[in-house]
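Geometric and topological summary
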Amino acid sequence: MHRNPELHQFLLSKARNLTEEWYAALDKSEAEGVYASTDPDVIRKLKQQNFAFHEHLCEVYIKEETAFFEDFIDWIMEVATDTEHLNTPVHIILGEFLNVQEQYLDYIDQFIHQHQDKYTYEEITRWKRVLIKIFGQVMSKFVEENHKFAQLKLKSQQEVIYELSAPVITFQNKKGLLPIIGAVDTARARHLLEKTLVQCAEKGINHLFIDLSGLIIVDTMVALQIFRLIDALKLIGVKTTLSGIRPEVAVTSIQLGLDFNKLDITGNLAQALKE
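These numbers come from a predicted model, not from an experiment.

1. Observations regarding the pattern of salt bridges
As enumerated under the stated definition, the model contains 12 salt bridges in all. Residue lysine 63 pairs with aspartate 71 through a salt bridge whose shortest N-O separation is 2.6 Å. Owing to a relative accessible area of 38%, aspartate 71 belongs among the partly exposed residues under this scheme. Between lysine 128 and aspartate 109 there is a salt bridge, with the nearest N and O atoms lying 2.9 Å from each other. With lysine 128 in helix H7 (residues 121–164) and aspartate 109 in helix H6 (residues 90–114), this pair connects stretches of sequence that are 19 residues apart. A relative accessible area of 24% places lysine 128 in the partly exposed class.

What follows is the structure in structure tokens.
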């Protein structure tokens, strides 16, 4: 049995010391992210999070493990999705978890010293083993939730980028322009197809100029998506004109065996608009 109310009370009484000692021991010259902040509000919140960690963790010595971990989840989720921690390298955060683990092992040794001969070697070993086990579980869950939230945030940001990178600019006489800039991966190509069709229909465009002068590279996938976009636009009554195919893109297209002969193409956007 690892539970011991006396040890729990001892560690709980040291919670504030644990926080202050931990923060004072941070090497500010080597710290990154949240640990390097000089903002008083960020520092105050970081200390509050650390103190709350201790309030939860010492309960491992009075609660059954499953119930203890369930009560810890809210703290893990809060810190894992915290903006400052998301902007801190994960390996740095895990390093601080391990530093705190060492603090606990030291304080357990203090407790043992104060109660010499009261507890057996087996009891002391169980306390330390359960502590290390719980730290491992908390760290694992933190990394899992931190990664999930970071991926969701990245996906959200990517969707915003896609929205901004597929604008159909409207001209007079129901004409429009779609400039394709940068790299095009499968996800962005699909987004270009879907959004361009919707925008052309909503804006009543009957002639779309697709400018490729900002396209970094053309491969088979990109070319196929352009062909699909042109075919789809044709089905909804939109004529297309390609412009700005750079020499290196043209060479690559030939090497790939891509046939642009049936497409309406001009050298540059200015020429396309003039014609």
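The structure having been displayed, the exposition proceeds.
2. So, the packing of aromatic side chains
Per the counting criterion, the structure on display carries 16 aromatic pairs. By the ring-pair criterion, three or more aromatic residues cluster together here, those being Phe53, Phe68, Phe72, Trp75, Phe97, Tyr104, Phe135 and Phe142. One residue, arginine 16, lies across the ring of phenylalanine 51, its end atom 3.8 Å from the ring centre.

3. Regarding the side chain of asparagine 4
The topology assignment puts asparagine 4 in the segment before helix H1 (5–13). Given the relative accessible area of 9%, asparagine 4 is considered buried. Within the local environment of asparagine 4, its side chain forms a polar contact with the backbone nitrogen of leucine 7, the two atoms lying 2.8 Å apart.

4. Comments concerning the nonpolar core
By size, the foremost hydrophobic cluster in this structure holds 45 residues, and its most contacted members are Tyr35, Phe53, Tyr61, Phe97, Tyr104 and Trp127. Among the secondary structure elements, those contributing two or more residues to this core are H1, helix H2 (15–25), helix H3 (40–57), helix H4 (65–80), H6 and H7. Looking at this core element by element, the count peaks at 10 residues for H6. Residues Val184, Ala189, Leu192 and Val222 belong to the second largest nonpolar core, which totals 21 residues.

5. Considering the sheet that holds strand E4 (residues 239–243)
Here we have 5 strands laid out as an open sheet, ordered E1-E2-E3-E4-E5, and mixed in their pairing. Edge positions in the open sheet fall to strand E1 (169–170) and strand E5 (265–266), since each of these has one partner strand only. Direction of pairing for strand E3 (residues 207–215) relative to E4: parallel, over a ladder of 5 bridges. Along E4, the bridge assignment pairs aspartate 211 with serine 243.

6. A look at the packing of H2 against H3
H3 packs onto H2 with a crossing angle of 135° between their chain directions and a minimal axis gap of 9 Å. What the angle tells us is that H2 and H3 run oblique. Our pair here, H2 against H3, has a crossing hand that is right-handed. Residues Ala15, Arg16, Leu18, Thr19, Glu20, Trp22 and Tyr23 of H2 touch H3, and the partners they reach there are Ile43, Leu46, Lys47, Asn50, Phe51 and His54. When grouped by side-chain class, the residues that make up the contact of H2 with H3 number 7 nonpolar, 3 polar and 3 charged.

7. Some thoughts on H2
If you check which residues of H2 are buried, you get Ala15, Leu18, Thr19, Trp22 and Tyr23. For H2, the angular spread of buried residues about the axis comes to 120°, placing them on one side. Away from the buried face of H2 by more than 90 degrees, exposed residues Ala24 and Ala25 are located.

8. Description of the pairing of E3
The two faces of the sheet receive side chains in turn, since in a regular strand these alternate between them. Across the 9 residues that make up E3, a large majority, 7, are buried. As paired elements, strand E2 (residues 175–182) and E3 share 7 bridges and run parallel to each other. Counterpart to glycine 176 in the pairing with E3 is leucine 208. Regarding topology, helix H8 (residues 186–203) serves as the crossover connection from E2 to the parallel E3, and that connection is right-handed.

9. A few points about unusual backbone geometry
Look at aspartate 117: it is not a glycine, yet its phi comes out positive at around 70°. As for its position among the elements, aspartate 117 is in the loop between H6 and H7. Relative accessible area serves as the criterion here: at 80%, aspartate 117 is assigned to the exposed category. Even without a glycine there, the phi angle at lysine 174 is positive, about 60°. Its location among the elements puts lysine 174 in the loop between E1 and E2.

10. Here we look at the pairing of E2
With 6 of 8 residues buried, E2 lies mostly within the body of the structure. In this structure, the hairpin formed by E1 and E2 is closed by a connection of 4 residues, where asparagine 173 is found at a positive phi of approximately 60°.

Each value, and the rule that gives it
- Every residue gets a number counted from 1 within its own chain, in the order that chain's sequence is written.
- Local features are withheld for residues below a pLDDT of 70 in this predicted model, meaning they are given only at 70 or higher, and side-chain atom pairs are given and counted only at 80 or more; totals for whole chains, interfaces and linings count all residues.
- Hydrogens are left out, water is left out, and the side-chain values use all remaining heavy atoms of the structure.
- A pairing counts as a salt bridge when a side-chain nitrogen of Lys or Arg comes within 4 Å of a carboxyl oxygen of Asp or Glu.
- Burial classes follow relative accessibility: with a 1.4 Å probe on protein chains only, a residue under 20% of its type's maximum area counts as buried, one over 50% as exposed, and anything between as partly exposed.
- The helix and strand labels rest on DSSP assignments: H or I over at least four residues marks a helix, E over at least two residues marks a strand, and numbering proceeds from the N terminus.
- The pairing test for Phe, Tyr and Trp rings, Trp by its six-membered ring, is centres within 6.5 Å, and the orientation test on the planes gives stacked under 30 degrees, edge-to-face over 60, and tilted for anything in between.
- The criterion is that NZ of a Lys, or CZ of an Arg, lies within 6 Å of the ring centre and within 35 degrees of the ring normal, and then a charge sits over that ring.
- Pairing of N or O atoms within 3.5 Å defines a polar contact, subject to two protein rules: one partner must be a possible hydrogen donor and the other a possible acceptor, and residues neighboring in sequence count only if both atoms are side-chain atoms.
- To define a nonpolar core, start from buried Ala, Val, Leu, Ile, Met, Phe, Trp, Tyr and Cys residues and group those joined through side-chain atoms within 4.5 Å.
- Should DSSP find at least two bridges between two strands, the strands are taken to pair.
- Axes here refer to lines fitted to C-alpha atoms; in helices the fit is confined to the stretch in contact. Angles between the N-to-C directions go from 0 to 180 degrees.
- Should an angle fall under 35 degrees it is called roughly parallel, over 145 degrees roughly antiparallel, and 65 to 115 degrees roughly perpendicular, with every other angle called oblique.
- When the near helix sits turned anticlockwise from the far one by under a right angle, the crossing is termed left-handed; a clockwise turn instead gives a right-handed crossing.
- The criterion used for residue contact is that any of the two residues' heavy atoms lie within 4.5 Å.
- Just so you know the grouping, Ala, Val, Leu, Ile, Met, Phe, Trp, Tyr, Cys and Pro go in nonpolar, Asp, Glu, Lys and Arg go in charged, and all remaining residues, Gly too, go in polar.
- The arc in question is the one traced by the directions running from the helix axis out to the C-beta atoms.
- The definition of a right-handed crossover adopted here requires that, viewed with the strands pointing away, the path from the first strand over the helix to the second runs clockwise.

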